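Residue-level structure breakdown
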Amino acid sequence: MLVIDASALVDILTAAPESIPALAKRVQNAEWMMAPELIDYEVLNVLRKMVSRGMIGADFAGVCRLTLHDLRLERYSLTDSMADRVWELRHNASAYDAAYLALAETREVPLITSERRLAEGLRRLARTSIESYAAD
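The structure displayed is predicted, hence computed values, not measured ones.

Some thoughts on the sheet that holds strand S5 (residues 130-132)
The strand order S3-S2-S1-S4-S5 describes an open sheet built from five strands, whose pairing is parallel. A single partner strand is all that each edge strand has here, and the edge strands are strand S3 (73-76) and S5. Looking at each pair of strands side by side, their axes are set apart by 30° on average, direction ignored. Running at roughly 115° to S3, helix H3 (residues 39-52) makes contact with strand S1 (2-4), strand S2 (33-36) and S3 of the sheet.

Structural notes on helix H6 (residues 95-107)
Between its first and last C-alpha atoms H6 spans 18 Å; for 13 residues at 1.5 Å apiece the expected length is 18 Å, and the two agree. Within the sequence span of H6, burial applies to Asp97, Ala98, Ala99, Tyr100, Leu101, Ala102, Leu103, Ala104 and Glu105.

Considering the pattern of salt bridges
Pairing between side chains of opposite charge can happen when the charged atoms of each approach one another. One pass over the structure, following the stated rule, counts six salt bridges. Ionic pairing is found between aspartate 40 and arginine 75, a salt bridge with its closest N-O pair at 2.7 Å. Residue aspartate 40 is located in helix H3, and its partner arginine 75 is located in strand S3; the two are separated by 35 residues in the primary sequence. A relative accessible area of 15% means that aspartate 40 is categorised as buried. Classification of arginine 75 by relative accessible area gives partly exposed; the value is 26%. Here the residues in one salt-bridge network are Arg85, Glu88, Glu105 and Arg127, joined through shared partners.

Some thoughts on the pairing of S2
The side-chain alternation of S2 yields two buried faces, one formed by Met33 and Ala35 and the other by Met34 and Pro36. Strand direction decides the pairing type here: S1 and S2, joined by two bridges, are parallel. Bridge pairing in S2 places leucine 2 opposite methionine 33.

Scoring rules and cut-offs
- Residues numbered from 1 in each chain as written.
- Predicted model: local features only at pLDDT ≥ 70, side-chain atom pairs only at ≥ 80, totals over all residues.
- Heavy atoms only, no water.
- Pairing = 2+ DSSP bridges.
- Helix = DSSP H or I, 4+ residues; strand = E, 2+ residues; numbered from the N terminus.
- Axes fitted to C-alpha atoms, helices over the stretch in contact; angles between N-to-C directions.
- Contact = heavy atoms within 4.5 Å.
- Expected span 1.5 Å × (residues − 1).
- Buried < 20%, exposed > 50% of the residue type's maximum accessible area, 1.4 Å probe, protein only.
- Salt bridge = Lys/Arg side-chain N within 4 Å of Asp/Glu carboxyl O.

Right, here's the structure in full:
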C-alpha cells in the first residue's frame with residue numbers, strides 16, 4: 001500500500017517504464033495505491049497542459065485519461081483530521097500537496113512523488129516516509 005501523488009501518477013501514465021525504472025517497479029510492486037480525490041483533477045490538468053504544449057498527443061492523453069480509471073487506485077475524501085493536518089502544513093506546502101501527505105500519514109503508508117521540491121520541503125515535517133522518484 002502507498003499514497004501516490006499526481007506527479008508520480010502522470011509519470012506512470014505517460015512515460016515509458018524503462019525511462020522511469022525505479023518508479024515503475026515501485027508502483028508495479030504495490031498491492032494497492034491511494035490518493036486524495038483531487039488526484040483526478042490534477043492529473044487531467046497536467047495531461048491538458050502536456051497536450052497544449054505539444055509534449056503528448058491528444059489521442060495518447062485520452063488513453064491516459066481512460067487508464068487512470070483502471071488503476072488500482074482508491075480515492076479518499078478529505079476528513080476533519082486530514083484537513084487539520086493540511087492546515088498545519090500551510091506554511092510549507094500547498095493544500096493540494098499537503099493533502100497527499102496527510103492521507104499517507106493517516107493510512108500509515110509512504111507517499112510516492114516525482115516532485116523533488118515536495119519531498120525535500122516536507123520530509124522533515126512528515127510523520128511517514130516520502131519516497132522521491134524525481135528525474136535527475
